[in-house]
Amino acid sequence: MSEPLSAPYLLQFTYNRTTGPVIGRFLTGLRDGRIEGVRTKSGKVLVPPVEYDPETSEATTDFVEVGQAGVVTTWTWVPAPRELHVLKTPFAFALIKLDGADTAMVHVVDAPSESAMRTGMRVKVRWAQERVGYITDIVCFEPEASS
Amino acid sequence: MSQPIAIVSVAQLPSIRRDRTRDEAEMVQPIVTEAMQKIGLKQADIGFTCSGSSDYLVGRPFSFVAAVDGLVTWPPIRESHVEMDGAWALFEALIRLRHGDIDTALVFAFGKSSLGPIPDVMNVQNDPYYVQPLNLDSFSQAALQARAMIDAGKATERDFAEIVVRNRRNAKSNPNAQVKGDFDVEAILAEKTISSPIRKSFSPPLSDSCVAVVLASGDKAKKLVKRPAWIRGIDHRIEPYSLGVRDLTQSVSTRIAAEKVGVNAKKNDIAEIHTPFAHQEILIKEALGLDSSVVVNPSGGALAANPIMATGLIRFIEAATRIHAGEANRAIVHATSGVTMQQNLVAVLEGE
Amino acid sequence: MSDMITRIKTPVRLEYGVYPGSHYTTYLNALAQGRFVGGRCPESKKVYVPPRGASPTSGQPTDEIVDVQDSGVLTTFCVIRLAFPGQKMKPPYCFGAIVLDGADLPIYHLIGNIPYEEVRMGMRVKAQWKPRDQWGPTLESVDFFAPTGEPDAPFESYSEHL
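Caption draft 1: Examining the overall build of chain B more closely. Helix and strand counts for chain B stand at 12 helices and 12 strands. Relative to a compact globule of 352 residues, whose C-alpha radius of gyration would be 20 Å, chain B shows 19 Å and is just as compact. Its C-alpha atoms put chain B at 55 × 45 × 40 Å along the principal axes. Once local pairs closer than 6 in sequence are excluded, the contacts in chain B between residues at least 24 apart make up 80%.

Pasting the structure below:
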């Protein structure tokens with residue numbers, strides 16, 4: 001058989017997603033500079049909020065504001081960011097449990113180096129100048145020790 | 001009470017880094033034909049056909065429909081598909097056989113991981129509101145779990161490297177494995193990290209392959225082969241979707257599925273477990289409660305070959321092959337779905 | 001600033017490198033030479049255009065490659081008048097299913113050189129190739145299929161291809 005043919009193929013879609021009242025409220029909060037979770041019947045605060053309690057499947061309706069800083073519960077250092085990553089210099093992905101929350105959220109941490117990252121460290125939100133109601137209204141988290 | 005169901009025939013395309021010459025139909029046709037011909041069957045003899053694959057993996061909506069072009073579909077056949085690993089296609093075929101009106105099923109799965117930017121493709125499985133816009137690639141996602149295990153004192157990076165060495169050494173005797181040989185723990189630890197602590201060697205290879213299995217029930221299975229690999233139990237469980245809600249250092253879903261099928265009701269000879277990242281082997285062995293006498297991944301496992309969407313079905317194939325050959329009598333098979341193993345399937349296979 | 005967010009856009013952008021497989025490669029390479037080819041099923045002897053990894057009736061690869069004509073019969077067709085996202089051509093345009101002479105099933109291509117109200121089933125058409133130096137491994141080597149002016153094929157001659 002002759003040389004196999006190949007061609008580049010770009011798969012590109014923009015999905016328009018409705019948010020519903022729970023995710024919509026969280027994203028609205030981000031736009032307004034506020035982070036909210038939901039408190040389940042058992043008293044657990046889920047951040048980011050989900051529509052149904054994963055333990056009982058009951059609808060979640062009780063919103064609570066949580067802190068804008070918290071603790072890294074696990075992390076990974078990315079020395080060579082990929083094209084689609086939101087930060088272009090080396091950074092960390094982390095699961096972050098905000099003050100007042102019982103679950104952790106995924107986000108990125110802009111730290112000066114891998115040695116600055118540690119499970120248990122405190123990080124705080126860096127807000128975007130212009131916010132629209134999107135998870136990247138939080139540009140990233142940064143070590144709380146820095147100012 | 002429904003008839004027992006067995007794997008009676010298997011076929012695999014060797015996993016390779018990049019298959020430039022076969023489209024979906026050209027991967028499927030020789031493999032399903034081989035699996036059926038080995039036991040003297042044709043498509044017309046098959047009661048139900050089910051496949052596992054992912055359109056997003058190959059960037060082609062309805063790629064699974066193109067795969068059906070590899071089958072004899074006239075006259076029309078009973079066919080189904082899951083956008084999941086073929087292990088779940090096997091589960092669906094088994095359920096269908098339990099209706100009792102048919103006694104054979106053909107299951108196949110294929111994965112062409114060579115076509116797309118896999119670490120970014122896997123992000124499309126993530127929550128579109130909260131996670132996808134951050135592009136949590138598969139290396140980084142797996143790394144969050146690996147670090148959590150280190151922090152919990154469950155493992156070290158050296159343990160991960162030793163798992164890689166052991167699996168790829170086992171793969172030397174597997175003609176269908178892609179990455180095989182004697183590798184060095186120190187050399188692996190010296191690799192630069194992609195998403196710490198994940199290094200290239202801690203990760204599965206990118207592989208292209210297609211594999212198939214024929215299932216048969218009761219007397220039909222006994223007529224077709226001397227030593228069917230009976231599926232004595234099968235169960236699967238799923239955990240919550242959100243990463244921050246799960247304990248990434250334990251596989252609760254695997255533990256429950258393992259209890260339901262009675263993994264440790266009898267002595268096991270081998271276990272084929274679907275753990276694409278090295279650290280995941282520790283999690284799954286713990287959840288299955290295997291003791292040290294069980295040989296884990298004699299085939300080399302997912303670290304030796306990972307045609308995504310077929311890797312789990314390959315675990316069934318590798319276990320069944322050894323049972324058919326009389327090299328093992330009881331095998332535990334595990335398959336997973338999701339970068340951090342959100343969903344897990346466990347089965348027990350036995351010779352007589 | 002007090003209205004709730006109710007919708008967001010989530011873009012997906014992934015770059016793949018695709019391979020057509022050996023049978024389709026044979027078809028595309030022939031187009032680069034100004035030819036249409038099909039593959040013959042070893043059992044039914046039917047000619048599939050493009051050649052396939054498996055014949056749906058026998059399950060065997062259609063490996064016997066045969067030339068088919070670049071002219072044939074228009075079976076069914078459709079005039080697209082609506083715009084839609086991702087559309088490559090500006091409406092209106094006409095797509096047809098054409099059974100090339102020598103083939104046993106249709107290919108799909110544009111129909112041109114005729115007012116769309118006059119396009120009809122059974123019309124004999126022929127490929128209008130681009131200039132030779134623009135041929136490549138693509139169906140776009142042909143701009144469209146145009147009516148030849150021959151008498152229409154009788155319905156019975158293509159009815160099984162509908």
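Still more ground to cover, so stick around.
Caption draft 2: Spotlight on the sheet that holds strand S2 (residues 36-39) of chain A. All names here are of chain A. With respect to topology, 3 strands assemble into an open sheet ordered S3-S2-S4, the strand pairing being antiparallel. Strands with a single pairing partner mark the edges of an open sheet, and in this sheet they are strand S3 (45-46) and strand S4 (62-65). Summarising the sheet, S2 and S4 pair through 4 bridges and their orientation is antiparallel. Bridging across to S4, Arg39 finds its partner in Asp62.

Caption draft 3: Geometry of the pairing of strand S4 (residues 104-112) of chain B. Residue and element names in this part refer to chain B. S4 sits mainly inside the fold: 9 of its 9 residues count as buried. Burial along S4 is two-sided: Thr104, Leu106, Phe108, Phe110 and Lys112 and Ala105, Val107, Ala109 and Gly111, pointing in opposite directions, are all buried. Summarising the sheet, strand S2 (residues 48-52) and S4 pair through 5 bridges and their orientation is parallel. Along S4, the bridge assignment pairs Thr49 with Leu106. Bridge count between S4 and strand S7 (residues 208-217): 9 bridges; the pairing is antiparallel. By the bridge assignment, Val107 is partnered in S7 with Val213.

Caption draft 4: Structural view of the packing of helix H7 (residues 157-170) of chain B against helix H11 (residues 278-288) of chain B. Residues and elements named next belong to chain B. Where H7 contacts H11, the axes come no closer than 8 Å and their chain directions differ by 90°. If you check the angle between H7 and H11, you find them roughly perpendicular. For the pair formed by H7 and H11, the contact residues are Asp159, Phe160, Ile163 and Val164 on the first element and Ala278, His279, Glu281 and Ile282 on the second. Counted by class, the contact of H7 with H11 contains 5 nonpolar, 1 polar and 2 charged residues.

Caption draft 5: Looking closely at the interface of chain B and chain A. Of the residues lining the interface, 28 residues belong to chain B; the matching set on chain A comes to 34 residues. At the level of secondary structure, the elements contributing two or more residues to the side of chain B that touches chain A comprise helix H5 (118-121), helix H6 (138-151) and strand S5 (193-195) of chain B. Broken down by element, the residue count for the side of chain B that touches chain A peaks at 6 residues, all from H6(B). When grouped by side-chain class, the residues that make up the side of chain B that touches chain A number 14 nonpolar, 9 polar and 5 charged.

Caption draft 6: Molecular detail of the sheet that holds strand S1 (residues 5-12) of chain B. All names here are of chain B. The strand order across the open sheet formed by 10 strands is S3-S2-S4-S7-S1-S8-S12-S11-S9-S10, and the pairing between neighbours is mixed. The two strands at the open ends of the sheet, each matched to only one other strand, are strand S3 (79-82) and strand S10 (295-296). One ladder, built from 3 bridges, connects strand S9 (residues 270-272) with strand S11 (residues 330-337); its direction is parallel. Opposite Ala271, over in S11, you have Ile332 as the bridge partner. Running at roughly 35° to S7, helix H1 (residues 24-37) makes contact with S1, S4 and S7 of the sheet. Its contacts with the sheet place helix H12 (residues 311-324) against S1, S2, S4, S7, strand S8 (229-238), S9, S11 and strand S12 (343-350), and it is angled at close to 170° to S11.

The rules behind the values
Residues numbered from 1 in each chain as written. Chains lettered and ligands numbered in written order. Predicted model: local features only at pLDDT ≥ 70, side-chain atom pairs only at ≥ 80, totals over all residues. Helix = DSSP H or I, 4+ residues; strand = E, 2+ residues; numbered from the N terminus. Rg over C-alpha atoms; globule rule 2.2 N^0.38 Å. Contact = placed C-beta atoms within 7 Å. Pairing = 2+ DSSP bridges. Buried ≥ 20, exposed ≤ 12 C-beta atoms within 10 Å, placed from the backbone. Axes fitted to C-alpha atoms, helices over the stretch in contact; angles between N-to-C directions. Parallel < 35°, antiparallel > 145°, perpendicular 65-115°, else oblique. Nonpolar A, V, L, I, M, F, W, Y, C, P; charged D, E, K, R; others polar.

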